Amino acid sequence: MECPECHLDNKEGARFCNECGHKFELICPECNTGNRIGSKFCNECGFNFAASNTAMEQAPDEETPSLGSPDEPVCLDSSPIE
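Residues numbered from 1 in each chain as written. Predicted model: local features only at pLDDT ≥ 70, side-chain atom pairs only at ≥ 80, totals over all residues. Heavy atoms only, no water.

Undergrad: An account of the overall build of the chain is requested, with residue identities and associated values reported.
TA: Secondary structure assignment for the chain yields one helix and two strands. Put simply, the chain has 82 residues, and 15% of those count as buried. When contacts within the chain are restricted to residue pairs at least 6 apart in sequence, long-range pairs at least 24 apart make up 1% of them. Within the structure as shown, the chain displays about 7200 Å² of accessible surface, and the carbon and sulfur contribution to it stands at 49%. (Helix = DSSP H or I, 4+ residues; strand = E, 2+ residues; numbered from the N terminus. Buried < 20%, exposed > 50% of the residue type's maximum accessible area, 1.4 Å probe, protein only. Contact = heavy atoms within 4.5 Å. Areas by Shrake-Rupley, 256 points an atom, 1.4 Å probe, with all protein chains shown as cover.)

Structure follows, in structure tokens:
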């Protein structure tokens, strides 16, 4: 398990980084309780982490606004037109 802070490769299942002491936990978005990495459900409120991750992966991307066709000129100058 790689530490997100110092990038040391720690033993799988570690609760703290052996190099920098970073605490490995999964914070529940519903109740803010810390859970072990790899938990499927929050041990405080029962939030389903697996379903949440799947839902986020399947959510459609927001549509990027179009700036027009590549052949159309685009004015980037914001000064007033006289």
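That shown, we press on.
Undergrad: How would you explain the side chain of Asn10 if you had to name every residue and give the values?
TA: Structurally, Asn10 is set in the segment before β1 (26-27). Among the polar contacts made by the side chain of Asn10, one reaches the main-chain amide nitrogen of Asn18 at a distance of 2.8 Å. Setting aside residues up to four positions removed in sequence, Asn10 forms contacts with Met1, Cys3, Phe16, Cys17, Asn18 and Phe24. (Polar contact = N/O pair within 3.5 Å; in protein donor to acceptor, adjacent residues only side chain to side chain.)

Undergrad: Go over the pattern of salt bridges, please, and point to the residues and values.
TA: Note that side chains of opposite charge can pair when their charged atoms are close. Inspection of the entire model under this criterion finds one salt bridge. Residue Lys23 pairs with Glu25 through a salt bridge whose shortest N-O separation is 3.8 Å. Given the relative accessible area of 41%, Lys23 is considered partly exposed. Take Glu25: its relative accessible area is 32%, and that puts it in the partly exposed class. (Salt bridge = Lys/Arg side-chain N within 4 Å of Asp/Glu carboxyl O.)

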